[in-house]
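The chain contents come next:
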Amino acid sequence: MRAITKQEEQILLIIHSLKDRAYLVTIRDKLMEITGREFDVGTVYKPLKRLNKDGFLDTYLGEPTSVRGGKAIKYYKLSRNGIEVLKEAKKVQDKLWESVVLKELKF
Amino acid sequence: MCLNRYKIPSFISKCLDKILPVSDNSYLKGDYEEIYRSICREKNSYKANIWITGQIIKSSISYLADSLKWDTLMYKNYLKTAIRSISRNKTTSFINIFGLSIGIAFSLLAFLFVDHEYSFDKFHSDPDSIFRVWTDSYNPRMGTMKANAVPYQLTLDFRDLFPEVEFITNVANQEMIINKDGLIFREMVSFVDSEFFKIFSFPILQGNTANPVINRNSVVISSEVAGKYFENEDPVGKILKVTIQDYSKEYIVSAVIDNCKEISTLHFNFLISFEEFKSRLNPQFLRGYGAWISSMYIKLIPGTNVEELREKIHHIDDQIDQNLRPGRTRRYNLMNIKEIHIETELDLKTDNVSNPLYSYIFLGLGGIVLTIACINFMILSTGLSAKRVKEVGVRKVMGAYRSSLIRQFLGEAIIMSLIALISGIIISILFLPVFNDLTGKNLEFVLSLKFLIIMLAGTLIVGFIAGSYPAIYQSNFKPVIVLKRSSGGSKKSIFIRFLVIIQFSLSIVLIIVMVVFRQQLIFLQEKNLGFNHEKVIEINMNTNPANADQILERYRNEIVNDRRIISVSGSSSSYGSGIRGNLTQLGFEQSDGERIFINYSIIDQEYFNTMGIEVIEGRNFSKEFGTDPEIALIINEKAVEVNGLNYPIGKKPEWIGPGSQKIIGVINDFHYGSLHNEIEPLLFCLTNKPVDTDVLKSVVGGWPHYYKYALIRIGEGDPRLIINFLREAWKKVSPNLPFEMNFLDQTIQSFYESEQKWGEVVNYASIFAIFVACLGMFGLSLASSQKRIKEIGIRKVFGASTTRIVLLISIELIMLVVLSTILAFPAAFYVCSEWLQNFAYRIDLTVFSFILSSLGVLFIAAITISFQILKAANSDPVDAIRYE
């Protein structure tokens, strides 16, 4: 199981928070909302595809809707590996932040 | 909410289809549409369009990078398989590439030739506005005549009549004797007007560049002859003495030009002011429209409507030339300078004109050899496909489209033809000296951009054509069938057989043409010409009418006592290559009003003796008969036959007019000129006196006044020493005239020079063609014996003899050759009989030579395939049938 990048971590977390409403459009919206930056569809699609390929995400299809021009939705949800890798990331994160007091964090 | 208002424009939708990953296409497109709609709703559709276009542009960068990566991977794989398949089938690959490179080499040479032919005369500035004026005249007795010349008066009137003509020059050519301190040669001198250099852009290398033909005392020479007369000296300012008959004048060299011999149809070596030419003519003669002394070149003012001018010039005749007799017409025409190179009808012998037919022949031959090579490629690739069916099957199973398979096989063919291009260039560089020798050109490879592009394009086309059938054929295999069977695609297509037949037909036609050419050339060499042409030297004496006889006599006395000289005689005409040699044709009227034509020359008493012509009736001219110069006529057998004179000796032909002339002898028919033409009636006299000019109706060719040529029969001894002896003697007799000699043998050879050369070109083409076709045959036999190896094994197990098996395999190939023979015969017959029409004396086309040629081809084909087939037939059946 490989380590994941910061962006992948963000996406996994967003998918987790979106529960069963996680697909490309919502993921992208959330990402933009949280980071406050503009994301291209391709920039979001690529890590999704990669995470799916590497087994951190599972996909399932939803019903086609008229808003989407009659195309089905591909939903994403975390796989077991996805959850593991998030936990792992959190652990590393916590260890790294352990000794840091935010108030003292200045130059 | 009206969804349709927020639809992605269809063009963008198509772009999306193209660039989105195939696997997620549908969902992604859905995602895009959803975002698009939301932007539409929140902002407007304009913003949405901008956004989605930006997305597409951003995505397409990675799409392109992606597809490039995969394509290169695929092409790398194609390249690898191509190289593997080339190196695995070494023999056939070699045959393919070698055959193609021969075809490419031949076409390259043909291309060089044609390209050079079409590059003529384009070096002048603004060649589109330079024209030659020529005359198309009709008179009821002579029919239509096209002439390069125009009446002198026309060149004067032209400027007044047509303001759109900017510059005009006359060009009159005359052979004159040029003398520079004892270096004496006869040369063609051109007399031109001062505007000559405003029309033509021959580069001026030395001397007066502004106005080279500056005055009546200057001469402009070409660098070609500058070396001959001046070697390393600077010619400018030096003096050349120009002589013609009793006229002689010294000219100062004012400039040296490059006459662009390689690319200029008009060939100038000496340029002198036209005034000099005019001054030697009677002013009375120059007036009116009878003085056809020069050709005329004009340059038009830029922007002139050429078609309009052409039309006007066509009709000026009626305005200016009132003296034209009724029934005759005369039309003037314009011909652009770029057209004159291939205009053979108006040929002046001085110009470098060539027949466009040769370009077509070359292109045709190149095309034939290349076609045969392409067919070879198709046959061999299809023949080999048995080996590659599995590859095709596996590729298809793995999901290869038919189109990508076609691309792969075409790519392989193109790779092969690129390799063939390189070796083809090498082959043609090796053959270039031979080719230059054959065509009399001085071609070389210049790697210009145009040349490279044409070569590459040509090679791609060749690769495409050669590879197209195999690619379509091979990519069509059904994977299930080919993977199940041990060997697939074994059914032979009709198309391939058809190709083999075409290939062999073309080769057989070329071989037959080659054989017939050869036979005719041998016939021309060996035909008895009616006189002994060996060891006869003809000397052009360049003498004046006044002293010609004395000079001949003095020369004769100078040399005749040498034991190596057998006899010396004089003649007014040279033995030449014109329609009837250089004889003069006289037209007389017979009593019944019919006109008879007879060719005429003045000779001396020794002539028949020197030439080895037999007097078969009567006697030769003789000094013992004092009246011979006044009344004696000698004619040839043909003249007897034509004029219906049964016992002509002692009689007077009635057409010759009043007087006491009589025929004293009849000589055997001999060929006075090339065998392209029939023997014509001949009349010989000692002087002009027997021919009554009052009854003459027409004279074509120069009027023979005097002995212009000396004919000398030499005996044993080193010819070079004899020539030196003759030269020294000539210098003693006339130190101011050039010594110009040639052997009659050489003259006769020169009649057939072009046939000889073209014969050789055809030889090369047909040898190449049959060679390439046999390579194909070899490959075919290889493929078919490999394919049938199990069949042969089984047949052998059941007791078939080697002979039977050889017969079994070869019968099909042999049948194809026989069939091609049948196809080739009519085509070859047509080509050969058309060509033989050029000769009045020719071989008969016999079935024998046809059959012999095709048997030869059959034999070569049999030898080619026998090696493979014998090997297959003799192989151990155990090896063949053993499974795996």
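Residues numbered from 1 in each chain as written. Chains lettered and ligands numbered in written order. Predicted model: local features only at pLDDT ≥ 70, side-chain atom pairs only at ≥ 80, totals over all residues. Heavy atoms only, no water.

**Things to note about the overall build of chain A**
When helices and strands are counted, chain A shows four helices and two strands. For chain A, the N- to C-terminal ordering of α and β elements is α-α-α-β-β-α. The 107 residues of chain A split such that 38% are buried. Per element, the accessible surface of chain A, about 7000 Å² overall, is 56% carbon and sulfur. With 22 positive and 15 negative side-chain charges, chain A shows a spacing of 2 Å between the two charge centroids. (Helix = DSSP H or I, 4+ residues; strand = E, 2+ residues; numbered from the N terminus. Buried < 20%, exposed > 50% of the residue type's maximum accessible area, 1.4 Å probe, protein only. Areas by Shrake-Rupley, 256 points an atom, 1.4 Å probe, with all protein chains shown as cover. Lys, Arg positive; Asp, Glu negative; His and termini not counted. Charge placed at Lys NZ, Arg CZ, Asp CG, Glu CD.)

**Observations concerning the interface of chain B and chain A**
Contact with chain B, which involves 20 residues of that partner, is made by 19 residues of chain A. Counting the surface lost from both chain B and chain A, the interface buries some 1800 Å², and carbon and sulfur atoms represent 53% of this. The interface formed by chain B and chain A contains two salt bridges. The salt bridge partner of B:Lys58 is A:Asp40, with a shortest N-O separation of 3.3 Å. There are five residue pairs in polar contact (both at pLDDT 80 or more) connecting chain B and chain A. (Contact = heavy atoms within 4.5 Å. Buried area = accessible area lost by both parts, 1.4 Å probe. Salt bridge = Lys/Arg side-chain N within 4 Å of Asp/Glu carboxyl O. Polar contact = N/O pair within 3.5 Å; in protein donor to acceptor, adjacent residues only side chain to side chain.)

**Some words on the pattern of salt bridges**
Residue and element names in this part refer to chain A. Scanning the model with the defined rule gives 36 salt bridges over all chains in all. A salt bridge links Arg50 to Glu8, with the shortest nitrogen-to-oxygen separation between them at 3.0 Å. Of this pair, Arg50 sits in helix H3 (residues 41–53) while Glu8 is found in helix H1 (residues 6–18), placing the two residues 42 residues apart along the sequence. Because the salt bridges share partners, they merge into one network encompassing Arg2, Glu8, Arg50 and Asp54.

**Details of the sheet that holds strand E21 (residues 696–700) of chain B**
Residues and elements named next belong to chain B. Judged by pairing direction, the sheet is mixed, and its seven strands sit side by side in the order E17-E19-E18-E20-E16-E15-E21 without closing on themselves. At either end of the open sheet lies a strand with only one pairing partner, and these are strand E17 (615–618) and E21. Between one strand and the next, the sheet's axes are offset by a mean angle of 30°, whatever the strand orientation. In this structure, strand E15 (residues 584–589) lies alongside strand E16 (residues 595–602), joined through six bridges in antiparallel fashion. Looking at the pairing, Glu589 lines up with Arg595 of E16. (Pairing = 2+ DSSP bridges. Axes fitted to C-alpha atoms, helices over the stretch in contact; angles between N-to-C directions.)

**A closer look at the packing of helix H4 (residues 90–117) of chain B against helix H13 (residues 402–439) of chain B**
Two packed helices can be described by the angle between their axes and the distance between those axes. All names here are of chain B. Look at H4 against H13: their axes get within 6 Å of each other, and the N-to-C directions meet at 45°. In terms of orientation, H4 and H13 fall into the oblique class. Crossing handedness for the pair H4 and H13: right-handed. Residues belonging to the contact of H4 with H13 are distributed by class as follows: 19 nonpolar, eight polar and no charged. (Parallel < 35°, antiparallel > 145°, perpendicular 65-115°, else oblique. Left-handed = near helix turned anticlockwise from the far one by under 90°. Nonpolar A, V, L, I, M, F, W, Y, C, P; charged D, E, K, R; others polar.)

**Section: H1(A)**
Residues and elements named next belong to chain A. With 13 residues, H1 extends 18 Å between its outermost C-alpha atoms, agreeing within 8% with the 18 Å of an ideal straight helix rising 1.5 Å per residue. Turning to H1, the residues buried within the fold contact helix H2 (24–35), H3, strand E1 (57–61), strand E2 (74–78) and helix H4 (80–97). Taken from the residues just after H1, Lys19 is the one with a positive phi, measuring 55°. (Expected span 1.5 Å × (residues − 1).)

**Points about the sheet that holds strand E12 (residues 536–540) of chain B**
Residue and element names in this part refer to chain B. Spatially, four strands are ordered E13-E22-E12-E23 in an open sheet, and the strand pairing comes out antiparallel. On the outer flanks of this sheet lie strand E13 (565–571) and strand E23 (740–743), each paired with one strand and no other. If you compare each strand with its neighbour and ignore which way they point, the axes differ by 20° on average. By the bridge criterion, five bridges tie E12 to strand E22 (residues 709–714) in an arrangement that is antiparallel. Directly across from Val536, in E22, lies its bridge partner Arg713.

**Remarks on the pairing of E15(B)**
Residues and elements named next belong to chain B. Among the six residues that make up E15, five are buried, leaving the element largely enclosed by the rest of the structure. Bridging between E15 and E21 involves four bridges; their strand directions are antiparallel. Across the sheet, Phe588 pairs through a bridge with Leu696, a residue of E21.

**Quick word on the pairing of E16(B)**
Residues and elements named next belong to chain B. With respect to burial, E16 is a largely interior element, six of its eight residues being buried. Both E16 and strand E20 (residues 682–685) contribute to a ladder of four bridges, which runs parallel. In the sheet register, Tyr600 faces E20, and the bridge partner there is Leu683.

In short, shape yes, function no, at least from these values alone.
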